[in-house]
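Per-entry structural report
Chain residues, written in single-letter form:
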Amino acid sequence: MSDQGFEATAAIACTVNGEPVRATVPVRQSLVDWLRHGLGLTGSHVGCEHGVCGACTVVVDGRTMRGCLLLAAQADGAVIETIEGATASGRVEALQEAFHARAALQCGFCTPGMVLTAAELLADEPSPDRPRIREALSGNYCRCTGYHAIVDAVADAAAHAVRER
Amino acid sequence: MKPAPFAYTAPTELEGALALLREHGDEAAVLAGGQSLMPLLALRMTAPKVLVDINRIEPLRAVGHGGDGLRFGALVRHAEALRAVRDQVGPAHLLAQALPHVAHQAIRHRGTVCGSLALADPAAELPACAVCLEAEIELQGASGRRFVPADAFFEGVYATARSVDELVVGVRFPATAPGTRFGFVEVARRHGDYAILGLASWARVVDGEVADCRLVYFGADERPSVATRTARTLRGGRLDDPATRARAKECALDELTIAPDATYGEGYKRRLAGALLERVVAQWGVAG
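The structure presented is a predicted model; accordingly, all values stated were derived computationally and were not measured.

Cut-off values and rules
Residues numbered from 1 in each chain as written. Chains lettered and ligands numbered in written order. Predicted model: local features only at pLDDT ≥ 70, side-chain atom pairs only at ≥ 80, totals over all residues. Heavy atoms only, no water. Core = buried A, V, L, I, M, F, W, Y, C linked by side-chain atoms within 4.5 Å. Buried < 20%, exposed > 50% of the residue type's maximum accessible area, 1.4 Å probe, protein only. Helix = DSSP H or I, 4+ residues; strand = E, 2+ residues; numbered from the N terminus. Contact = heavy atoms within 4.5 Å. Polar contact = N/O pair within 3.5 Å; in protein donor to acceptor, adjacent residues only side chain to side chain. Axes fitted to C-alpha atoms, helices over the stretch in contact; angles between N-to-C directions. Parallel < 35°, antiparallel > 145°, perpendicular 65-115°, else oblique. Left-handed = near helix turned anticlockwise from the far one by under 90°. Nonpolar A, V, L, I, M, F, W, Y, C, P; charged D, E, K, R; others polar. Buried area = accessible area lost by both parts, 1.4 Å probe. Salt bridge = Lys/Arg side-chain N within 4 Å of Asp/Glu carboxyl O. pLDDT = per-residue confidence, 0-100. Domains from an automatic or database assignment.

Concerning the nonpolar core
- Residues I54, F72, L95, V171 and F173 of chain B are the most contacted members of the largest nonpolar core, which totals 60 residues.
- Looking at this core element by element, the count peaks at 6 residues for helix α7 (residues 125-132) of chain B.
- Other than its neighbours up to four places away in sequence, F173 of chain B contacts D68, G69, L70, F72, L95, C129, A130, L133 and A135 of chain B.
- V21, V60 and L71 of chain A together with F6 of chain B belong to the second-largest nonpolar core, a separate cluster that totals 34 residues.

Some details on the environment of D53 of chain B
- With respect to the element layout, D53 of chain B can be found in strand β3 (residues 50-53).
- Taking the relative accessible area as the measure of exposure, D53 of chain B reaches 2% and is therefore buried.
- As a C-alpha pair, D53 of chain B and A32 of chain B span 21 residues in sequence and 6.3 Å in three-dimensional space.
- The residues touching D53 of chain B, leaving out its near neighbours within four places in the chain, are Q74 of chain A together with Y8, T9, A10, P11 and L31 of chain B.
- Polar contacts involving the side chain of D53 of chain B include one to the side chain of Y8 of chain B, which spans 2.6 Å.

Points about the packing of helix α4 (residues 111-124) of chain A against helix α6 (residues 148-164) of chain A
Residue and element names in this part refer to chain A.
- Across the interface, α4 lies against α6 with an axial gap of 11 Å and an inter-helix angle of 40°. Accordingly, the angle class assigned to the pair α4 and α6 is oblique. Where α4 crosses over α6, the handedness of that crossing is right-handed. Across the interface between the two elements, M114, A118 and L122 from α4 touch I150, V154, A157 and A158 from α6.
- When the residues that make up the contact of α4 with α6 are grouped by side-chain class, the tally is 7 nonpolar, no polar and no charged.

Details of the packing of helix α10 (residues 242-255) of chain B against helix α11 (residues 266-284) of chain B
All names here are of chain B.
- α11 packs onto α10 with a crossing angle of 140° between their chain directions and a minimal axis gap of 8 Å. One finds that α10 runs oblique with respect to α11. Like other packed secondary-structure pairs, α10 and α11 cross with a definite hand, here right-handed. The residues of α11 that touch α10, namely those facing R245, A248, K249, A252, L253 and D254, are R270, R271, A273, G274, A275, L277, E278, V281 and A282.

Section: the interface of chain B and chain A
- Between chain B and chain A, the contact holds 35 residues from the first and 27 residues from the second.
- For the chain B and chain A pair, buried surface summed over both sides reaches about 2700 Å², with 56% attributable to carbon and sulfur atoms.
- Broken down residue by residue, the surface that chain B buries against chain A is led by Y8, M38 and H109 of chain B, which jointly contribute 20%.
- Taken together, the connections running from chain B to chain A amount to 2 salt bridges.
- With its nearest N and O atoms 2.4 Å apart, the salt bridge here joins D33 of chain A to K2 of chain B.
- Between the two partners, chain B and chain A, sit 11 residue pairs in polar contact (both at pLDDT 80 or more).

Overview of the confidence of the model for chain B
- Per-residue pLDDT for chain B averages 96, and the proportion of residues at 70 or more is 99%.
- On the interface metric, ipTM, the complex scores 0.95, and its pTM is 0.96.

Focus: unusual backbone geometry
All names here are of chain B.
- The backbone of R44 shows a phi angle near 55°, a positive value even though the residue is not glycine.
- The residue A120 is not glycine, and still its phi comes out positive at about 60°.
- Counting through the fold element by element, A120 comes out in the loop between α6 (113-119) and α7.
- By relative accessible area, A120 is classed as buried at 3%.

Thoughts on the side chain of S30 of chain A
- Mapped onto the fold, S30 of chain A is located in the loop between β2 (19-26) and α1 (31-38).
- Within polar-contact distance, the side chain of S30 of chain A engages the backbone nitrogen of D33 of chain A at 3.2 Å.

A short note on the domain arrangement of chain A
Residue and element names in this part refer to chain A.
- If you check the domain split of chain A, you get domain 1 (9-86) and domain 2 (92-164).
- On a C-alpha basis, the centroid separation for the pair domain 1 and domain 2 is 22 Å.
- If you look at the interface, domain 1 gives 18 residues, while domain 2 gives 14 residues.
- If you sort the residues of domain 1 by the area they bury against domain 2, H45, T64 and I83 come out on top, with a joint share of 35%.
- Between domain 1 and domain 2 we count 2 salt bridges in total.

Structure, rendered in structure tokens:
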């Protein structure tokens, strides 16, 4: 195959926040850049762009992943949920309220990634202790809060969910 | 922070991927989980002409488990491997202890066991586990499939026995003898970071005596370090004998080759080596 055999763009079809989407994407565009610039879903943030900060966290086929470490071209056939979709469905409402009540955000840049990561933890483990919460959030950077309030918020949301059961 | 331009292709057949590697040689890069490759591309530490995405090659997703051990195909993610080990072998197995230390959950959902082996970062957990458990790396190329023992596979920093036209298609971890005890410990600044120093181990303990054991450090040298002399010091000794443990600790401090590290000094790493040895021997003492 010669280099002429390769396309600079790829056609993809996937589901984003419940809606079917078809698009043509540059092959080197990251998934998070496409979600933001192609679809206007700016709730997923672009921080470090090399997988360290977790601000770009999205849910792909039911699991949290780094939106900056996937190519948009790889989304073909995938089911993707961003913070916008998780908010609209109400599934992260208790966490969002707890973040608000505990002042678990200042600038808010890390918050979408924190919320999606915490939601996955609580879905897998309804009653994590504080060290476990810290471990689960260890891949998400916050440069404002010092994390204590975030851990408080996740612990509150977990306690709330257990009470509601 | 954007990758240099590359051509992208996602073949659905293994043969197609191998043909691309044959044609493009070291100008091609294999994209499996991409959790190390994508950062390397973003930082432009590597700029391959062709990215060969193997994620659409379905047979590479297989997890195998039988009397002879565990096999992970090239697309088995860390999280899937952890589930398989916990469910099918047990939570005490070395891999079940080590995998939670590989990066963070969102990365473990995408990154692959074979990708970590193929990358061969000297501070990574899985190459050391593969050497400790005497795993075999399955390589496929134009001339067929070959199996390379993990100890021979890792040659240096990001350097392995894989030829540029070969693909790591799987890894086999042999079954361990019943009653084998495992110890795994690492020191990192933050959970999920690469280790400053870590130690993977197994031991067979009979009536409180170490009948056999294997110790593999990572983050010390340019590839996993098998601590042969330290293991010999422990063999035949009693787990609860402070003198045996002290001798082994001294031996570990002395035995390791420490590659230059921009952040942590050699003396610190040697002291850590002794401390980690004490911790894994203590883990052996807790029957799994």
